[in-house]
Amino acid sequence: MDTDPPFNQTKITEPNFKQTEAKSVTIKIELLRGFAVVARSGNLSDAADILGRTPSAVSMMLKQLETHLGEPLFETDRKNKLTALGAYVLEQAERELQQFDNMVKAIEGYANATHGHVRIATVPSVAGSIMPVVFSKYIKDFSKMDIELRDMDSNSILHELSRNRIDIGIATMGENSAGLHSQHLLSDAFGVICHPSHPLAQNRGPVDWQALTGERLIANSLSAGIDAPACKTLHANALLTAQNLTSIMAMVHAEIGITILPEMAARAANATGLIFRPLADSLAKRQIHMLRKREAALSPAARLVEQHILACTADMIQGPTA
């Protein structure tokens, strides 16, 4: 039957706290940097100048590293010839230092808004008018960013925002705007677009709703958002609905009918040869907002892009100053 050994035969070994503490000390990045500079310089004096330290301080750094490793890194005190361990440590240190420096640059660049991935979705009219001005004016600020720009309709933009697939959206507000932070960007007045041979093209002033009674309307999702009763009647009687601006313009060119679009959308569609007449209804305007998820914090890069979009839009609305 086994029994515990007598007390005087039990050997109790106290831990070597000094040894444990030494082994637990991690090699600091600056020790590796100091060693690498000395190894490449071949002497303490030149290395000290590069590091901005005194030769004695650099020598102490090397001593700390050698003490931790338990082996010398240089063959002699002149520091011009590495031991086998020293050559291995130099190879590993330079690789890690390069990776560390790149990481620091990336972190600092992200914090300073010079680096980062920014995803933007905007309605086509803004993509074709405001965004080129933003990129042209601030291209140097964006040189190291990864900016993804997509154009899509407002409903799709709201959908993408709700699923965190984009950082910034530029669109009209809709039923799916809950949970979004919005900032009004601009107002875009609606107008009638018709063929030059159409009777409406004979004048250049604003068009009232009564003048559109009985007109063959090519309806679209933008004009369908106008809340005027006369506009609702026009859309109820429309026999043709199209969403693609190119298709809409082609049908107006073919004299199939007239359409109603915001002025910026008409310009973005390059309605060359067609007539745009503004609506007399001052309330018939599309309100475009800068949108993002309310609870999601924008990255510094995205915040910078947002600020530049706001600044360029304000400048374009105000127009040239005298």
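Residues numbered from 1 in each chain as written. Predicted model: local features only at pLDDT ≥ 70, side-chain atom pairs only at ≥ 80, totals over all residues. Heavy atoms only, no water.

*Asks:* Can you walk me through the confidence of the model for the protein in this structure?
*Replies:* As a general rule, the predicted coordinates of low-pLDDT regions are not to be interpreted in detail. Here the protein averages 85 in pLDDT, while 88% of its residues score no lower than 70. Every residue in residues 1–25 scores below 50 in pLDDT, and together they form four contacts with partners more than four places removed in sequence or on other chains. (pLDDT = per-residue confidence, 0-100. Contact = heavy atoms within 4.5 Å.)

*Asks:* What should I look at first to understand helix α7 (residues 154–162) in this one?
*Replies:* Since one α-helical turn is 3.6 residues long, residues separated by three or four positions face the same way. Turning to α7, its buried residues are S154, I157, L158, E160 and L161. On an axial view of α7, the arc spanned by its buried residues comes to 165°, and they lie on one face. Contacts from the buried residues of α7 go to β1 (116–122), β2 (145–151), β3 (168–172), β4 (180–194) and β9 (285–293). Note on α7: the residue one or two positions beyond its end, N164, has a positive phi of about 60°. (Buried < 20%, exposed > 50% of the residue type's maximum accessible area, 1.4 Å probe, protein only. Helix = DSSP H or I, 4+ residues; strand = E, 2+ residues; numbered from the N terminus. Arc of directions from axis to C-beta.)

*Asks:* Teacher, can you tell me more about the environment of F190 here?
*Replies:* Looking at the element boundaries, F190 is found in strand β4. What F190 contacts, discounting residues up to four positions off in sequence, is L222, S223, I226, I260, L261, P262, F276, P278, L279, A284, K285 and R286.

*Asks:* Would you mind going over a nonpolar patch on the surface with me for this structure?
*Replies:* Taken together, the side chains of L239, L240 and I256 make up a nonpolar region of the molecular surface, amounting to roughly 300 Å² of accessible area. Relative to the assigned elements, I256 resides in the loop between α9 (245–253) and β7 (259–262). (Patch = residues over 30% accessible without salt bridge, like charges linked within 9 Å, V, L, I, M, F, W, Y side chains within 5 Å. Areas by Shrake-Rupley, 256 points an atom, 1.4 Å probe, with all protein chains shown as cover. Salt bridge = Lys/Arg side-chain N within 4 Å of Asp/Glu carboxyl O.)

*Asks:* Got a minute to help me understand the layout of surface pockets in this structure?
*Replies:* A water-sized probe rolled over the atoms picks out the places where empty space is left. In this structure, the largest pocket spans a volume of roughly 800 Å³. Considering the residues around the largest pocket, the lining is formed by 35 residues, among which S154, T172, S221, L222 and R286 are closest to the centre. Broken down by secondary-structure element, the contributors of at least two residues to the lining of the largest pocket are α6 (124–138), α7, α9 and β9. Classifying every residue of the lining of the largest pocket gives 16 nonpolar, 13 polar and six charged. (1 Å grid on protein atoms, 1.4 Å probe; cavity = no way out; pocket = protein on both sides within 12 Å on 5 of 7 lines; lining within 4 Å. Points joined across faces, edges and corners; volume = space filled by probe spheres on them. Nonpolar A, V, L, I, M, F, W, Y, C, P; charged D, E, K, R; others polar.)

*Asks:* Can you walk me through the side chain of E306 in this structure?
*Replies:* Mapped onto the elements, E306 comes out in helix α11 (residues 300–318). For E306, a relative accessible area of 11% puts it in the buried group. With sequence-adjacent residues up to four places away left out, E306 is seen in contact with I168, M290, R292 and L298.

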